[in-house]
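Below are the chains, spelled out letter by letter.
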Amino acid sequence: MVNDVVVVGAGPVGLLLAAELRLVGVDVTVIERAAARSPHSKALTLHPRSLEVLAMRGLAGPFVREGVPMPTGHYGGLPVRLDFSVLDTRFPYTLVLPQLRTERLLEERLRELGGEIRWQHRALEVRQEADGAEVDVAGPDGTYTLRAAWVVGCDGAGSTVRSSAGIDFPGTRATTTGFLGDVVLDAPPSAPSVDNEHGGFLVVPLADGHHRIAGTTGESLAIPADQPLTFEELRGYVRQVAGTDFGMRAPRWLSRFGNASRQAARYRDGRVLLAGDAAHMHMPMGGQGLNVGLQDAFNLGWKLAAVCQGRAPEGLLDTYHAERHPVGATLLESTQAQTVLGATYTADARALRSVFGRLLAAHPAVNRQFAGELSALDVAYHPAAGEAAGAGERGGGGHSLAGTRAPDLGLDGAPEPSLYPLLADGRFVLLLLGPGGDAARGTADGPGAADARAAAEAIAGSPDRIRTVTARPTTTHDGWAGRSTVLVRPDGHVAWDAALSSR
């Protein structure tokens, strides 16, 4: 049997990618080297854009119900927080939800769509051919070979898929080590972070009564990340900084992490693609890693499905690298900058923290810029992938929305109250919008409507992959005033748009 796609790795990135493929009927096999899910959660947060991604498939509800919303994010552990409440989204917060729960909810989604996971099946080697690839696998009953048209490595920073494909992973080695522990605090601090000249740490309350403590001290920085962390060490680090251990007891998980920063030279090599930590690794500053990985998967999923089903040429997959590699590079730059701010304790570094904190506190525009970057709401792709020739160039002057994130635009007269539910089946959505506050009467058959549909079909690859909706906007968003026609990709980015003045 030849699979359409083999996904190596059943973490959150591999699960979301596999679910996206199954949503449109692509045959996918997921293999995972572990025998079962780890009970320990490396990541704890879902950012606004990741919640929007889930909302576009009708999945956000269970995550939001289980998680704990916080209206802020942090940059380098600075006491001055990033204000997410001002962001233009229905999810203006950080959602605290352990990675274990995120994975289990995504696994439920995959199983609902007919997907399965082969636990304790380890990829040994990947070999490419002109029309496909082979994956040698070691399972509980011995070794075997999977054949597939495409193989996606979602198998972490030590990716077997990446190394088999010969994809370079350049970057910097770890020079700084941090600590983390999930513990019970009888007297937790009132502030979400504590820092001074001795070190700093974040304190995140978890839904089950535990707290996650993560940080660095001058003493902890030089200890190798693979050296086990003891409970007494953790208590010592916290006391060194705060003068108390906050009644710390009942450790559930203790670990260390490093600041090695690397990025795959290319996200696609022939029949092999990479996503998540297999494509980029970094210091876990700002809680960005899992979120960027989910967004990798969401960008890749609809493109790989279109290629598998013959609706798009293989070249569409090159836009995955073109769009997501710069995002990964920005991620590494951000986490490296945050490491200097949050894990360096020289007098110069302390002065930098003080200056940077004042900037965030005194200048809302600066705070908003960093909040937009960390939340991923400001990610835009230029040019937008899959555009037909000339798409995104609108008449009547002005700036095209092509490549930008589409907000959850409120709609009157549509089958759903807003845009995101219209994307639930993974199709493109062609919005035919009325002028100003008037009804969208006549827009569906008005001047330019046929051209809009033709452009949409050229991008989507098939008429049945487009959902056409005539509606009147009920919410306002930057850059959206006066738009008459907007084609939204399955991943919620704008593929093509035109203005009323061009009609």
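Residues numbered from 1 in each chain as written. Predicted model: local features only at pLDDT ≥ 70, side-chain atom pairs only at ≥ 80, totals over all residues. Heavy atoms only, no water.

Draft legend 1. The overall build of the chain, seen in detail. Across its full length, the chain holds 12 helices and 26 strands. On C-alpha atoms alone, the chain measures out to a radius of gyration of 23 Å, which is about the 23 Å that the 2.2 N^0.38 rule sets for 503 residues. The principal-axis extents of the C-alpha atoms in the chain amount to approximately 70 × 60 × 35 Å. Taken across its 503 residues, the chain has 58% of its residues classed as buried. About 19,600 Å² of surface is accessible on the chain, with carbon and sulfur atoms providing 52% of the total. In the chain, 47 positive and 55 negative side-chain charges are present, and the distance between their average locations comes to 2 Å. (Helix = DSSP H or I, 4+ residues; strand = E, 2+ residues; numbered from the N terminus. Rg over C-alpha atoms; globule rule 2.2 N^0.38 Å. Buried < 20%, exposed > 50% of the residue type's maximum accessible area, 1.4 Å probe, protein only. Areas by Shrake-Rupley, 256 points an atom, 1.4 Å probe, with all protein chains shown as cover. Lys, Arg positive; Asp, Glu negative; His and termini not counted. Charge placed at Lys NZ, Arg CZ, Asp CG, Glu CD.)

Draft legend 2. Highlighting the packing of helix H9 (residues 347-362) against helix H10 (residues 364-375). Two elements in contact, H9 and H10, have axes whose closest approach is 5 Å; the angle formed by their N-to-C orientations is 100°. Our classification of the angle between H9 and H10 gives roughly perpendicular. Here Phe 356, Leu 359, Leu 360 and Ala 362 of H9 lie close against H10, whose contacting residues are Pro 364, Val 366, Asn 367 and Phe 370. Looking at the contact of H9 with H10, its residues break down into 7 nonpolar, 1 polar and no charged. (Axes fitted to C-alpha atoms, helices over the stretch in contact; angles between N-to-C directions. Parallel < 35°, antiparallel > 145°, perpendicular 65-115°, else oblique. Contact = heavy atoms within 4.5 Å. Nonpolar A, V, L, I, M, F, W, Y, C, P; charged D, E, K, R; others polar.)

Draft legend 3. How the structure looks around the side chain of Thr 217. Here Thr 217 shows up in strand E16 (residues 211-217). Given the relative accessible area of 0%, Thr 217 is considered buried. Setting aside anything within four residues of it in sequence, one finds Thr 217 in contact with Phe 179, His 198, Gly 199, Tyr 237, Gln 240, Val 241 and Tyr 345.

Draft legend 4. Fine view of the packing of aromatic side chains. The final tally for this structure, using the stated rule, is 8 aromatic pairs. A ring pair is formed by Tyr 75 and Phe 370, whose centres lie 4.9 Å apart and whose planes are at 65°; its orientation type is edge-to-face. Of this pair, Tyr 75 sits in the loop between strand E5 (72-73) and strand E6 (82-83) while Phe 370 sits in helix H10, and the two are 295 residues apart along the sequence. Of the two residues examined, Tyr 75 and Phe 370, each falls in the buried class. Aromatic side chains Trp 302 and Phe 428 sit 5.4 Å apart centroid to centroid with 85° between the ring planes, which places their arrangement in the edge-to-face category. Of this pair, Trp 302 sits in helix H7 (residues 289-308) while Phe 428 sits in strand E23 (residues 428-433), and the two are 126 residues apart along the sequence. Among the residues examined, Phe 428 registers a relative accessible area of 2% and is labelled buried. (Phe/Tyr/Trp six-rings, centres within 6.5 Å; stacked < 30°, edge-to-face > 60°.)

Draft legend 5. Up close: the layout of surface pockets. Approximately 420 Å³ is the volume found for the second largest pocket. In this structure, the second largest pocket is lined by 21 residues; those nearest its centre are Val 327, Thr 330, Leu 331, Glu 373 and Val 379. Looking at the lining of the second largest pocket, the elements that each hand over two or more residues are H7, helix H8 (318-342) and H10. Looking at which element gives the most residues to the lining of the second largest pocket, the answer is H8, with 8 residues. Residue composition of the lining of the second largest pocket, grouped by class: 11 nonpolar, 6 polar and 4 charged. (1 Å grid on protein atoms, 1.4 Å probe; cavity = no way out; pocket = protein on both sides within 12 Å on 5 of 7 lines; lining within 4 Å. Points joined across faces, edges and corners; volume = space filled by probe spheres on them.)

Draft legend 6. View of the side chain of Glu 20. Here Glu 20 shows up in helix H1 (residues 12-23). When near neighbours in sequence (up to four residues on either side) are disregarded, Glu 20 contacts Arg 57, Phe 298 and Gly 301.

Draft legend 7. Fine view of the confidence of the model for the chain. Per-chain confidence: the chain averages 92 in pLDDT, with 93% of residues scoring 70 or above. Per-residue pLDDT stays below 50 along residues 384-397; that stretch engages in 35 contacts with residues further than four places along the chain or on separate chains. Below a pLDDT of 50 lies the segment residues 436-442, which in the model reaches 12 contacts outside its immediate sequence neighbourhood of four places, other chains included. (pLDDT = per-residue confidence, 0-100.)

Draft legend 8. Representation of the sheet that holds strand E13 (residues 177-185) in the model. Sheet architecture is open: 5 strands sit in the order E14-E15-E16-E13-E17, paired in antiparallel fashion. With one partner strand each, in any of the chains shown, strand E14 (193-196) and strand E17 (248-258) form the two edges of the open sheet. On average, adjacent strands in this sheet sit at an angle of 15° to one another, irrespective of strand direction. Sheet analysis places E14 next to strand E15 (residues 199-205), joined by 4 bridges and oriented antiparallel. (Pairing = 2+ DSSP bridges.)

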